[in-house]
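Structure assessment
Chain by chain, the residues:
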Amino acid sequence: MTRARNKVALVTGAARGQGRSHALRLAREGADIIAVDICRQIATVPYPMPTEEDLAETARLVEETDRRIVTAVADVRDLDELTGVVDDAVERLGRLDIVAANAGIHSGGVPTWEMDDQMWQDLVDVNLTGVWITCKVAVPHLIAAGGGSIVITSSVAGMRPFGGIAHYVSAKHALMGLTKTLAQELGQHNIRVNAVNPTQVDTPMIMNPLIYQLFLPDVPEPTKEQFAVASQEGMLLPTPWVEPSDVSDALVFLSSDEARFITGIGLPVDAGVLAK
């Protein structure tokens, strides 16, 4: 458990879900953590978003591993805000080696031509532009450190289409282009750039009525149990979803020296969705 020893990792969307899992796993592997989250509601997001208390809990869990953590409430859509947060944290922790560009939201459930323009804009701004801003802010620090790793959270929706969520599919596909372009640009600086592409993950972004209804459009008020059955039908392996820790396993591998010659790829953590 030392694959990130003496390294510093930036994790966006770190207050809960996959982000908290990534922060905690990287800390257990020896990294100090910069944990960032918006900690407020975005109006077009139909499920409760994380709070400052959630981010404080991430900090508590990381501190239990005896690693340092700097937390900040910041919006990945705001270049100036994120730049100030990351620059300050890197000065305090000494360097930056790993970036988990994980922050993302979900909404939708309507045909493309009926989608509200603000819903489209909010999601694309967070899920695509926010990742670009995260990388823009982080890359100079990675170059200064002599190299490093960026892992972008895309999705199986970055590799195949799903109806009713055109904005999400579009943003996640675009992230694959960003991943490959950054890998080309940054290879000369010994910076590797990859993506993880999860299926449904057991987090608040997925375990809510919006997602249940996407999978069961003809069922009024579907339950989590009904969603599990419908979700399982899309998998090759016997599970309806994966755990945040499964995605963290992939992210830690891609961030480690074990993957030192892997760059420009998307790694599905999908229980076989893309092969079915």
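- Under an unreviewed UniProt entry, the protein has the name Oxidoreductase, SDR family and belongs to Cryptosporangium arvum DSM 44712.
- Of the comments in the UniProt record for the protein, the one headed Sequence similarities (unreviewed entry) reads "Belongs to the short-chain dehydrogenases/reductases (SDR) family."

Comments concerning the pattern of salt bridges
- Across all of its chains, the model carries 14 salt bridges by this definition.
- For Glu29, the salt bridge identified is with Arg3, shortest N-O distance 3.5 Å. Placement of Glu29 in the loop between α1 (17-28) and β2 (32-37) and of Arg3 in the segment before β1 (8-12) is noted, with a sequence separation of 26 residues between them.
- Of the charged contacts in the structure, one is a salt bridge between Arg77 and Asp75, with a shortest N-O distance of 2.8 Å.
- A residue is classified by how much of its surface remains accessible, and Arg77, at 25% relative accessible area, is partly exposed.
- Among the charged side chains, a salt-bridge network with shared partners connects Arg3, Arg25, Glu29, Asp249 and Glu258.

Thoughts on the packing of aromatic side chains
- All chains considered together, the criterion is met by three aromatic pairs.
- Geometrically, the ring pair formed by Phe227 and Trp241 is stacked, given 5.7 Å between the ring centres and 15° between the ring planes. In this pair, Phe227 sits in helix α7 (residues 224-232) while Trp241 sits in the loop between α7 and α8 (244-255), placing the two residues 14 residues apart along the sequence.
- For Phe227, a relative accessible area of 0% puts it in the buried group.
- Members of the aromatic cluster, each reached through a chain of ring pairs, are Tyr212, Phe215, Phe227 and Trp241.
- Between the NZ or CZ atom of Arg160 and the centre of the ring of Phe162, over which it lies, the distance is 4.0 Å.

Thoughts on unusual backbone geometry
- With a phi angle near 50°, Glu221 is a residue other than glycine that sits in the positive phi range.
- Its relative accessible area of 73% is what places Glu221 among the exposed residues.
- A positive phi angle, near 50°, is found at Ala271, a position not held by glycine.
- Position of Ala271 relative to the elements: it lies in the segment after β7 (266-269).
- Relative accessible area serves as the criterion here: at 10%, Ala271 is assigned to the buried category.

Here we look at α8
- Compared with the 16 Å implied by 1.5 Å per residue over twelve residues, the 16 Å span of α8 between its first and last C-alpha is a close match.
- The complete set of buried residues in α8 reads Pro244, Val247, Ser248, Ala250, Leu251, Val252, Leu254 and Ser255.
- Among the structural elements, α1, β4 (98-101), β5 (148-153), β6 (191-198) and β7 are those in contact with the buried residues of α8.

Section: the sheet that holds strand β3 (residues 69-73)
- Pairing in this open sheet of seven strands is parallel, and the strands run β3-β2-β1-β4-β5-β6-β7 from one edge to the other. Only two strands of the sheet have a single partner each, and these edge strands are β3 and β7. Across this sheet, the average inter-strand angle for adjacent strands is 15°, counted without regard to direction.
- Examined bridge by bridge, β1 and β2 share five bridges and lie parallel to one another. Following the sheet pairing, Val8 is matched in β2 by Asp32.

Re the packing of helix α4 (residues 117-144) against helix α5 (residues 166-186)
- It is the contact of α4 with α5, at a shortest axis distance of 9 Å, that shows an interaxial angle of 15°. Between α4 and α5, the crossing angle belongs to the class labelled roughly parallel. The two elements α4 and α5 cross, and the hand of that crossing is right-handed. Across the interface between the two elements, Met119, Trp120, Leu123, Val124, Asn127, Leu128, Val131, Trp132, Cys135 and Val139 of α4 pack against Ala166, His167, Tyr168, Ser170, Ala171, Lys172, Ala174, Leu175, Leu178, Leu182 and Leu186 of α5.
- Classifying every residue of the contact of α4 with α5 by side-chain character gives 17 nonpolar, three polar and one charged.

So, how was this worked out
- Residues numbered from 1 in each chain as written.
- Predicted model: local features only at pLDDT ≥ 70, side-chain atom pairs only at ≥ 80, totals over all residues.
- Heavy atoms only, no water.
- UniProt positions renumbered as here; feature names shortened; annotations may be inferred.
- Salt bridge = Lys/Arg side-chain N within 4 Å of Asp/Glu carboxyl O.
- Helix = DSSP H or I, 4+ residues; strand = E, 2+ residues; numbered from the N terminus.
- Buried < 20%, exposed > 50% of the residue type's maximum accessible area, 1.4 Å probe, protein only.
- Phe/Tyr/Trp six-rings, centres within 6.5 Å; stacked < 30°, edge-to-face > 60°.
- Lys NZ or Arg CZ within 6 Å of the ring centre and 35° of its normal.
- Expected span 1.5 Å × (residues − 1).
- Contact = heavy atoms within 4.5 Å.
- Pairing = 2+ DSSP bridges.
- Axes fitted to C-alpha atoms, helices over the stretch in contact; angles between N-to-C directions.
- Parallel < 35°, antiparallel > 145°, perpendicular 65-115°, else oblique.
- Left-handed = near helix turned anticlockwise from the far one by under 90°.
- Nonpolar A, V, L, I, M, F, W, Y, C, P; charged D, E, K, R; others polar.

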